[in-house]
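This is what each chain is made of:
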Amino acid sequence: MNRHLWPLFFVLSLFSALSCSRAAPSIAFGTLRLVYFQGSGGDPRGGVEERFSFFIIPEDEDGVEDLADLYLYHDREGLCWHLTSEDWVVFESEGQTWIGSRNIVMIDDGSLPRGQFRAVLIDKGGEQSERLFSFDAPREAPHPFPFLRVSEGRYIIESEYPEHYLICYDNAGAFLKNVSVEMLEGDLAILGLPRETRAIALWSEESDYFTSALTDVVSIR
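A brief report on the enclosed structure follows. What you are looking at is a predicted structure, and each value in this text was computed from that prediction instead of being measured.

What counts, and where the lines are drawn
- Residues numbered from 1 in each chain as written.
- Predicted model: local features only at pLDDT ≥ 70, side-chain atom pairs only at ≥ 80, totals over all residues.
- Heavy atoms only, no water.
- Pairing = 2+ DSSP bridges.
- Helix = DSSP H or I, 4+ residues; strand = E, 2+ residues; numbered from the N terminus.
- Axes fitted to C-alpha atoms, helices over the stretch in contact; angles between N-to-C directions.
- Buried < 20%, exposed > 50% of the residue type's maximum accessible area, 1.4 Å probe, protein only.
- Contact = heavy atoms within 4.5 Å.

Examining the sheet that holds strand β8 (residues 128-135)
In space, the four strands of this open sheet follow the order β4-β3-β7-β8, with antiparallel pairing throughout. Because the sheet does not close on itself, it has two edges, and the strands there are β4 (79-84) and β8. Direction aside, neighbouring strands of the sheet carry axes that sit 20° apart on average.

Below you can see the structure in the form of C-alpha cells.
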C-alpha cells in the first residue's frame, strides 16, 4: 500500500470502529402513574382531569445528553406521545437520573387508556430500544378528590387517600420541597416547611393503584 495512503486508511478504520461500537440506549426502569387534577374552576365536584406521570431511568454510555427522543405508545388504541430532550423533565433520585413528563394527556382531555404501553428511547445517533409497561388502574378514582384548606396558620386536609404530601413553592412559583404530612389537621409551623414557602399544594397518593391526586395551589401568606 502506498505510504501516503496510510493516514487516510487509519482515519477510515478508526471511524468504522467507532461507528460499529456505538451502543443503543436502554430503559433500565420506568413508572407510569395516573394523577388526578382539579377540574376547571378548582372545584373537584365539577369533575377531575386525568394525566399520566411517566418517567424512566435511561442508560446510555454517552450520558443523558446523548438522548434525543422518548415515545410512549398505546398500540391498541393507536395513540402516541412524543417527548424530546428539550421538553422532558430531568431529576435525580437516590443516585439515579430520571427523564419523563408529568403532563401526559389526551387531546380532548378525556379518560386515559389502560392496558399495555410501549416506551421507545432514541439517542442522537438514531440508536433505539424499547420496553413494555402495563397499567391497569381502575376506571374510577379509588377515593373522592381531596381538599386542602389553609387559614390563620393552620391547614385542614379532607382526604381518604392513605399518603399525603405538601408541595412547597416560593414567591415566584418555583418548587422548593415535598413535605410528608401525617396528621390531617394542624399548625403549618410544626411541619418544617422551608422558610421561603409562600404557597402549597396537596399531593395525595394511593400506591396500591399507582394513582395520585394533586390539588390547586393555596397561598399561606
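Observations concerning unusual backbone geometry
With a phi close to 55°, E94 is a non-glycine residue in the positive phi region. Position of E94 among the secondary structure elements: in the loop between β5 (89-93) and β6 (96-104). At E152, a residue that is not glycine, the phi angle is positive and equals roughly 50°. Relative to the assigned elements, E152 resides in the loop between β9 (147-151) and β10 (154-158).

Points about the environment of I156
For I156, the location among the structural elements is in strand β10. When its relative accessible area of 34% is taken as the criterion, I156 is described as partly exposed. Once the C-alpha coordinates of I156 and L188 are considered, the two residues, 32 residues apart in sequence, prove to be 9.8 Å apart. The residues contacting I156, other than those within four sequence positions of it, are F147, L148, R149, L184 and E185.

Looking at the sheet that holds β9
What holds strands together in a sheet is hydrogen bonding between their backbones, with the strands either parallel or antiparallel. Across the sheet, which stays open at both edges, the three strands sit in the order β9-β10-β13 with antiparallel pairing between neighbours. Only two strands of the sheet have a single partner each, and these edge strands are β9 and β13 (185-187). Strand-to-strand twist across the sheet, computed as the mean angle between neighbouring axes with direction ignored, equals 15°. The pairing of β10 with β13 spans three bridges and is classified as antiparallel. When the sheet's bridge partners are listed, Y155 is paired in β13 with G186.

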